[in-house]
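Here is how the chains run, residue by residue.
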Amino acid sequence: MLEKLLRIIQNHYKIISAFVLGILVSGIVVYAETILAGKDVSYDNSQSHSSYNNVQGAIEDLYQRSDLSSGSCTEGQSNFIVAYIYDPSTCLTGAESTCKVTTCYKNKNVGSCEAGTIIEYRVNDSTIKTFHVLHDDGIEITMQQRESTIYNVVWNDYDDKTKGPVTVLSKLEEATKDWKNVKTQTYTMGTTDFNGTNSYTGCSYIKGSSDVATCTMNVYTLEKRSGKSRLITVQEALKLGCQYIAPHTCPNFMNNYLYNSINNGGTMDDKHLENGASNNSGYWTMNTISSSDNHVFAIVNDSSISRSFTTKDLNRSVRAVVVVSK
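Residues numbered from 1 in each chain as written. Predicted model: local features only at pLDDT ≥ 70, side-chain atom pairs only at ≥ 80, totals over all residues. Heavy atoms only, no water.

Chemist: Looking at this model, I keep getting lost on the pairing of strand β10 (residues 304–308). Mind explaining?
Modeler: Looking down a regular strand, the side chains alternate between one sheet face and the other. When you tally the buried positions in β10, you get five out of five residues, the bulk of the element. With burial as the criterion, each face of β10 is covered, one bearing Ser304, Ser306 and Ser308 and the other bearing Ile305 and Arg307. Pairing of strand β9 (residues 296–300) with β10, which is carried by five bridges, proceeds in the antiparallel orientation. Paired with Ile299 across the bridge in β10 is Ile305. (Buried < 20%, exposed > 50% of the residue type's maximum accessible area, 1.4 Å probe, protein only. Helix = DSSP H or I, 4+ residues; strand = E, 2+ residues; numbered from the N terminus. Pairing = 2+ DSSP bridges.)

Shown next, in the form of structure tokens:
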């Protein structure tokens, strides 16, 4: 228990420092026979990510975020730095001053962390990443990294969709192998369904329609894989409202940080070029088109599902999908 408490203190030392400073300030003002309430003592929240800018609010925020209010300190929750309620108008990235803090990850009810919820999470001892919630089953949260994890990466090197996303998966697994605080995912493409969707790797499509959901066959299958992260599936994107070649159907958090996303409801453009390769205007999914065309589905910067005409398209990036315990 002492070790866990020390970790809380380490994670929130700025808030605690503000608390101590508040006491000192209060002592001074009391000596001057003037009572100054904690809510009237300003607090710089730019580093702590607290939603409050006064000492009283910051202390109460720490009390809730540390889980001391329930008389316990949950080990897994110590990796959650802060979470914000997603709102495309007031809190799209988690960096906006209008964001509101949520502790939904402490709630064991299904869906308590709604899709889009922004979570800053400590993936290992030295690294914090920002994610958006895709699914919350009450026990585990499936999240996708806010920005791309790897840029200018091909789906596979064979220009053959029947081989599956072996190149991009290998690179993603390598890039996230030290994310020890996220769960290892073990799955078999063509057999495993993710978050209550079907398991098929091949999907047909009708322009401007969610009928891209007719994923009824396996274009490829892969042997069982284990890794700290994976790609999003078309089926998961459809559950979030995305449609095929139908701009602005995906939630804005899904296309934000892509090249030219600012012109499509986003607020940030990510790296445009890396190593002289093409602009990253989309990121890969697990799925291919079930017709004879050698096309692979991607989430693109106009906030919809689209396709790449080759598995070797360097115009694509990848965003890590991870699973963590609540």
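Chemist: Looking at this model, I keep getting lost on the packing of aromatic side chains. Mind explaining?
Modeler: Where two aromatic rings form a pair, the distance of their centres and the angle of their planes describe that pair. Tallying each qualifying case throughout the model produces eight aromatic pairs. Ring centres 5.0 Å apart and planes at 80° place the aromatic pair Phe80 and Tyr121 in the edge-to-face group. Within this pair, whereas Phe80 is found in strand β1 (residues 80–84), its partner Tyr121 is found in strand β2 (residues 118–124), the two being separated by 41 residues in sequence. Assessed through its relative accessible area of 5%, Phe80 is described here as buried. Grouping aromatic residues by their ring pairs yields a cluster made of Phe80, Tyr105 and Tyr121. When the ring centre of Tyr158 is taken as origin, the NZ or CZ atom of Lys163, which lies over that ring, is 5.6 Å away. (Phe/Tyr/Trp six-rings, centres within 6.5 Å; stacked < 30°, edge-to-face > 60°. Lys NZ or Arg CZ within 6 Å of the ring centre and 35° of its normal.)

Chemist: What's the story with the environment of Lys108 in this structure? I'm lost.
Modeler: Turning to its location among the elements, Lys108 is positioned in the loop between β1 and β2. Sequence separation of Lys108 and Asp136 is 28 residues, and the distance between their C-alpha atoms is 9.2 Å. If we skip the residues at most four places from it in the chain, Lys108 touches Gln77, Gly138 and Lys326. Polar side-chain contacts of Lys108 include one of 3.1 Å to the backbone oxygen of Lys326. (Contact = heavy atoms within 4.5 Å. Polar contact = N/O pair within 3.5 Å; in protein donor to acceptor, adjacent residues only side chain to side chain.)

Chemist: Help me understand the pairing of strand β4 (residues 140–145) in this model?
Modeler: Of all the six residues making up β4, five are buried; the element is thus mostly covered by neighbouring parts of the structure. Pairing of strand β3 (residues 127–136) with β4, which is carried by five bridges, proceeds in the antiparallel orientation. Its bridge partner being in β4, Val133 is matched across the sheet by Met143. Between β3 and β4, which pair antiparallel one after the other, the connecting turn spans three residues, and Gly138 there sits at a positive phi close to 95°. Pairing of β4 with strand β12 (residues 321–325) involves five bridges; the strand directions are antiparallel. Its bridge partner lying in β12, Gln144 is registered against Val321.

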